[in-house]
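Coordinate analysis (summary)
Take a look at the letters that make up each chain.
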Amino acid sequence: MPLDSGFEDAPALAILELLAAEAPLGRFHELLYRAADPGGERLPPGRRAELERAVQLGLRIHASLDQRRQREAATAALVDMIHDMTAPYDPDTLLRVITSRTRRLLGFDMAYISLPLPRGGSYVHCSDGQTTTLNVGLVVEEHHGLGQMAQGQGGAFWSPDYLNDDRIPHSEKIDEVVRAEGLRAVIAVPIQVGTDSIGALYGADRVVRHFTPDEISLMRSLADFAAVALERARLLDRTRLEIAELESAGARARDTIARTRELAEARIRLADQVLNGCDLHVVARTAAEALGATLAIGDAHGQVLASTGEVPGLAEVLTGRAALEAHAARAPVTPAQDLWVAPVGAGVEDLGVVVARVARPLGSDEEGFLAFVGRAVALQVVGRRSVPVAAGPGRDEFFDVLLAAPVQPSSQIAYQAGQFGIDPEGPHVVVVARPEGGEHGKAAVWAASYAYRRSGLKTARDGCVVLLLPGTDASAAARSVSTELSPLLGQPVTVGAAGPATGLASVARVHQEALRCLDALTALDGAGSAAAMADLGFLGLLLSDDHDVEGFVASLLGPLLEHDAERATSLIATLEAYFASGASPTRAAEDLHVHPNTVARRLDRITELLGPAWQQPGRTLEVQLALRLLRAREVLWRQRDTALAP
């Protein structure tokens, strides 16, 4: 092979030609070999020394150019890595990108990143180039391994042969992974943000390797880029989280505004209903719908005034500690997880409570709305009390006219009744209530409100309040008045009732019966009790104006009469024989000419039809009286039929 041009005359020119051609290093050494070859084109000593000097300079220039190319490649790789790091990666993805770039850029067999643990030490978060599954997730104890040393010193730390390096505080777990991966050379560089270490970047080879200053510097640059990018990713994640929280807060704010608007509209509806005099049931339904709750309204005596559904333990709430706490706090209280109690009051007067059962906690706006419901109910209750008081004189005068056996034309009575909301043709009962310890004024005020609520009339006479109430059950009306008025006055109230009166023209007559019922209760030492004529048994029959014998007999013996008529039995005759024999089934059987067992079976059947109470002393007397009236009526009917016979 011929020597390069200028070999003999200009060795420097030959070296320049090799450099220009980017010839490999072997071509430079070849020139020296040929210049010293005895069998070749050997140069004189002076020329050979000049050639050796030129080759040395050429090798240095070649090395410098090669190093520059490596730096340019590293710079380009760093630029690519920076570009990668500007992508919107999440922290985990970004760490995997960093380890992959580090391994390829520095030609490592493996690269990985460790992150600190909250209680000290660190763990391998991600790895690139590993051959086993032991590396990722490996926990590195404090003061062990290269990463802990690098983070402690705040600089790079490396070993050309990790397992044989005594400078390193070894850990059996770490050494086991290093052996499994076959690693020899390891370098660790801290990833720092300011003075705080947030992890370590590792590079490792499976051969002994002495890391150059440029490689160490490049590792530090990669760690710095990783720190910046990782902090940026964390800030981005934090920003996203804050944005999500702001969006969630915005949604909650919108929901709150919408809920506030709904409650405001519900307040307006409630106010309109109260001003229009709507029933408490309507108010309760409106409030319950707005709160999504089951709601009940109770008065100061524990009576339920309105309800939208069942509230467990309502009676205890209305009269228990929760109601007292609500009035003491003048605000809603929650005695149980799903229960709220709001006071209903006028000044210091306790008018009752509103009880709401809600399956979720109430917000502050909803709690305020519940307090408003209590005030609305208070206005409704006070309004109900004031309306009858205002209309009281006219209503009282009209009722007094009815009780005085009116001589006015029926059309005029009907017109006046319509003015006061009274049905002139409907059935009514009359209730007379006498407080036993005074308090007549309070009773009269209560009666005005009660009559207004029940669409009736009231008046006061001779220390008693008299009520005309729509309905047919005088006994139930008497009990209802007693149940409500007695606790209010705190003393016994004797209540007598009668009716129903058919049409307003018979009110005066029914009133007289109610007075006789009240007198009978007094004579029977029944002060403080409540009853109607029907509750007094045969006494009611005697005291009543109409003397309804047929009704009295039917109420006591009706089931037996129907049974005998339908099945041709002799239960009435058996019952008469039983009483005539002194309640002896055996003697009754003799009188009836049947077997005693037959009488026993008939008595059992009588008990089934009349109930076991028929054999009680008081009831027995009424049953015997009904039997006597039945037989007396049959005798009179036979006499009448005989007299009419031709």
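Residues numbered from 1 in each chain as written. Predicted model: local features only at pLDDT ≥ 70, side-chain atom pairs only at ≥ 80, totals over all residues. Heavy atoms only, no water.

**A word on the nonpolar core**
If you look at the biggest cluster of nonpolar residues, it comprises 28 residues, and the most contacted ones within it are Leu 295, Ile 297, Val 354, Phe 369, Leu 370 and Val 377. Only α7 (213-275), α8 (280-291), β7 (294-299), β10 (339-346), β11 (349-357) and α11 (364-403) provide two or more residues apiece to this core. By residue number, the principal contributor to this core is α8, which donates seven residues. Formed by 26 residues, the second largest nonpolar core is a distinct cluster that contains Met 219, Leu 222, Ala 226 and Ala 229. (Core = buried A, V, L, I, M, F, W, Y, C linked by side-chain atoms within 4.5 Å. Buried < 20%, exposed > 50% of the residue type's maximum accessible area, 1.4 Å probe, protein only. Helix = DSSP H or I, 4+ residues; strand = E, 2+ residues; numbered from the N terminus.)

**Observations regarding the sheet that holds strand β6 (residues 196-205)**
An order of β3-β2-β1-β6-β5-β4 is seen for the six strands of this open sheet, with the pairing classed as antiparallel. At either end of the open sheet lies a strand with only one pairing partner, and these are β3 (139-140) and β4 (157-159). With nine bridges connecting them, strand β5 (residues 185-193) and β6 associate as antiparallel partners. In the strand pairing of β6, Ala 188 is matched with Tyr 202. Sitting on the sheet, helix α4 (residues 91-106) is in contact with β1 (110-116), β2 (122-128) and β6, with an inclination near 145 degrees to β1. Along the sheet face, helix α5 (residues 145-153) touches β1, β2, β3, β4, β5 and β6 and points at about 40 degrees away from the line of β5. (Pairing = 2+ DSSP bridges. Contact = heavy atoms within 4.5 Å. Axes fitted to C-alpha atoms, helices over the stretch in contact; angles between N-to-C directions.)

**Things to note about the side chain of Ser 482**
If you trace the backbone, Ser 482 turns up in helix α14 (residues 474-489). On the basis of relative accessible area, Ser 482 is assigned to the buried category, the value being 13%. Discounting chain neighbours no more than four positions away, the residues touching Ser 482 are Pro 487, Val 493, Val 495 and Ala 530.

**Let's talk about the sheet that holds strand β12 (residues 427-435)**
Ordered by their spatial adjacency, five strands build an open sheet running β13-β14-β12-β15-β16, and the pairing between neighbours is mixed. Bordering the open sheet on either side are β13 (457-461) and β16 (530-532), each of which pairs with just one other strand. On average, adjacent strands in this sheet sit at an angle of 20 degrees to one another, irrespective of strand direction. Here β13 pairs with strand β14 (residues 464-470) via five bridges, running antiparallel. The residue of β14 that forms the bridge with Thr 459 is Val 466. The strands touched by helix α13 (residues 440-453) are β12, β13 and β14; relative to β14, the strand with the most contacts, the crossing angle is about 10 degrees. Against the sheet, α14 engages β12, β14, β15 (493-502) and β16, with an angle of about 150 degrees to β15.

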